[in-house]
Amino acid sequence: MIPVVMPTYSRIDVVFERGEGCFLYDTTGRRFLDFTSGIAVNALGHAHPYLVEKLTEQAHKLWHTSNLFRVAGQEKLASRLRELTFADTMFFTNSGVEAWECGVKLVRKYHYETGHPEKTRFIVAGGNFHGRTMTAIAASGQDKMVKGFGPLLDAFDRVAYDNLNELRAAITPETAAILVEPILGEGGMRPASLDYLRALRVLCDEYGLLLYFDEIQSGMGRSGKLFAHEWAGITPDVMCIAKGIGGGFPLGACLATEKAAQGMVAGTHGSTFGGNPLAMAVGNAVLDVMTQPGFLDNVIAKGALLQGKLEDLVARHPTVLDSVRGKGLILGVKCVTPVGDLVTALRDNGMLVVSAADNVVRILPPLIVGEAEINEAVAILDRTCAALAA
């Protein structure tokens, strides 16, 4: 008999009932060090007092009005993000893939409005993951996601990640945009080289394309900058964000320049729940914390500390671990042993991590992680690797 909750996940038999900071507690009272953060969602950890305060405050006032009316929280958050980013305008959503889809529509509408309706295709870099809608799985082309769901939208030309020559060769008169994750998440925690990102900006300007960055996982402080592309000193025309911006509350956004968004006029897009007052209260609260002096500097410092300790572990356990990759607190460890074995063993030892492609384990602690939690994580990793090696 089919379960009452549709069995689309291979769920682990653990039920959590509460969380605090970097820790989760299951229904038996067992404590777990959470270095998954809901897959980079719980950016400020669990039950952050300030987020709880602001969400509760808003819950006593107003939950939903619909986007038929102005929403003060949207205007506030959008104005703040405009000051902090390249963007002139944005659309708020409930999830990352909704924000991504909005960007896909925006790109096509831009070229239609500027007299190039033939420009409908996107160049995407291999290993990409943008979500599970029909359009998003067409973009990734991964068999595990697309099998049985065809025919798919034919609009995406895939090239190797971080390979400029292959990308340049893929540009045609029908190309509308280059769509890239500055740091691959699901695809193996690979940061693109900064020269590659800079070259993408040059190519888009040269060929009249839009540069579209997916920062759903790499954004909101995780790399040590508010957005990972900032390390390259360039800006996109379009960017989708989600995950950390809501700190655990469903929230995403599609950001764009005024030029890129010129086709997005009344009636071209919409959302029933996107940008509701509850989400906006949390989004603004998250931004309050992340823009405090020293917050991002601390992410850089803690990321460097953790990366150094992980590299030491690789040197000590070469039959289990191969190498470390990533930036800030969006890190990955490529494994020698099957990554699933390490993920399971770590969970048995009280630490939560998640796998990625290329036999990589993702290391995604809350951005508020301290040295004590890092030391605890390294100790658990050390004894787990020793056991696996034995």
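Bear in mind that the values here come from a model prediction, so they are computed numbers and not experimental data.

Draft legend 1. The overall build of the protein, seen in detail. What the protein contains, in helices and strands, is twelve helices and 15 strands. The C-alpha radius of gyration computed for the protein amounts to 21 Å, which stays within 12% of the reference 21 Å derived for 390 residues, consistent with globular compactness. Long-range contacts, defined here as pairs at least 24 residues apart, represent 72% of the contacts in the protein between residues at least 6 apart. For the protein, the computed accessible surface area is about 17,200 Å², with 54% contributed by carbon and sulfur atoms. Charged side chains of the protein number 36 positive and 42 negative; the gap between the two group centres comes to 1 Å.

Draft legend 2. Region of interest: unusual backbone geometry. Of note, the bond from Gly150 into Pro151 is cis; its omega dihedral lies within 30 degrees of zero at 0°. Relative to the helices and strands, Pro151 is located in the loop between helix H6 (143-146) and strand S6 (156-159). A positive phi angle, near 70°, is found at Ala40, a position not held by glycine. Mapped onto the elements, Ala40 comes out in helix H1 (residues 37-40). In this structure, Asn359 is a non-glycine residue whose phi angle is positive, near 60°.

Draft legend 3. Helix H12 (residues 371-389), seen in detail. Under the 1.5 Å per step criterion, the end-to-end length of H12 is 27 Å for 19 residues, consistent within 8% with the ideal 27 Å. Taken as a whole, H12 has its buried residues at Glu373, Ile374, Ala377, Val378, Ile380, Leu381, Thr384 and Cys385. The arc enclosing the buried residues of H12, seen along the axis, measures out at 165°, which places them on a common side. Exposed and facing more than 90 degrees away from the buried side of H12 are Ala372 and Ala387. Taken together, the buried residues of H12 touch strand S2 (23-26), strand S3 (31-34), helix H10 (295-316), strand S11 (321-327), helix H11 (339-348) and strand S13 (351-352).

Draft legend 4. Structural context of the sheet that holds strand S4 (residues 89-93). Sheet architecture is open: seven strands sit in the order S4-S10-S9-S8-S7-S5-S6, paired in mixed fashion. Both outer strands of the open sheet, S4 and S6, are each paired with one neighbouring strand and no more. Ignoring strand direction, the axes of neighbouring strands in this sheet form an average angle of 20°. Pairing of strand S5 (residues 121-125) with S6 involves four bridges; the strand directions are parallel. Residue pairing across strands places Val124 opposite Arg158, the latter belonging to S6. Sitting on the sheet, helix H4 (residues 96-113) is in contact with S4, S5, S6, strand S7 (175-180), strand S8 (210-214), strand S9 (238-241) and strand S10 (252-256), with an inclination near 180° to S8.

Draft legend 5. Quick look at the sheet that holds S2. With mixed pairing, four strands are arranged side by side in an open sheet as S1-S2-S3-S13. The open sheet has two edge strands, strand S1 (16-20) and S13, and neither has a second partner. Along the sheet, H12 makes contact with S2, S3 and S13, crossing S3 at roughly 105°.

Draft legend 6. Spatial organisation of the UniProt feature "binding site: pyridoxal 5'-phosphate" (unreviewed entry) in the protein. Residues given the UniProt feature "binding site: pyridoxal 5'-phosphate" (unreviewed entry) here are Phe129, Asp214, Glu215, Ile216, Gln217 and Thr272. The greatest C-alpha distance among the annotated residues, which extend across 144 residues, is 25.2 Å, indicating that they are dispersed rather than converging on a single site. As for its position among the elements, Asp214 is in strand S8. By relative accessible area, which is 4% here, Asp214 ends up buried. Mapped onto the fold, Ile216 is located in the loop between S8 and S9.

Here is what the cut-offs are and how they apply
Residues numbered from 1 in each chain as written. Predicted model: local features only at pLDDT ≥ 70, side-chain atom pairs only at ≥ 80, totals over all residues. Heavy atoms only, no water. Helix = DSSP H or I, 4+ residues; strand = E, 2+ residues; numbered from the N terminus. Rg over C-alpha atoms; globule rule 2.2 N^0.38 Å. Contact = heavy atoms within 4.5 Å. Areas by Shrake-Rupley, 256 points an atom, 1.4 Å probe, with all protein chains shown as cover. Lys, Arg positive; Asp, Glu negative; His and termini not counted. Charge placed at Lys NZ, Arg CZ, Asp CG, Glu CD. Expected span 1.5 Å × (residues − 1). Buried < 20%, exposed > 50% of the residue type's maximum accessible area, 1.4 Å probe, protein only. Arc of directions from axis to C-beta. Pairing = 2+ DSSP bridges. Axes fitted to C-alpha atoms, helices over the stretch in contact; angles between N-to-C directions. UniProt positions renumbered as here; feature names shortened; annotations may be inferred.

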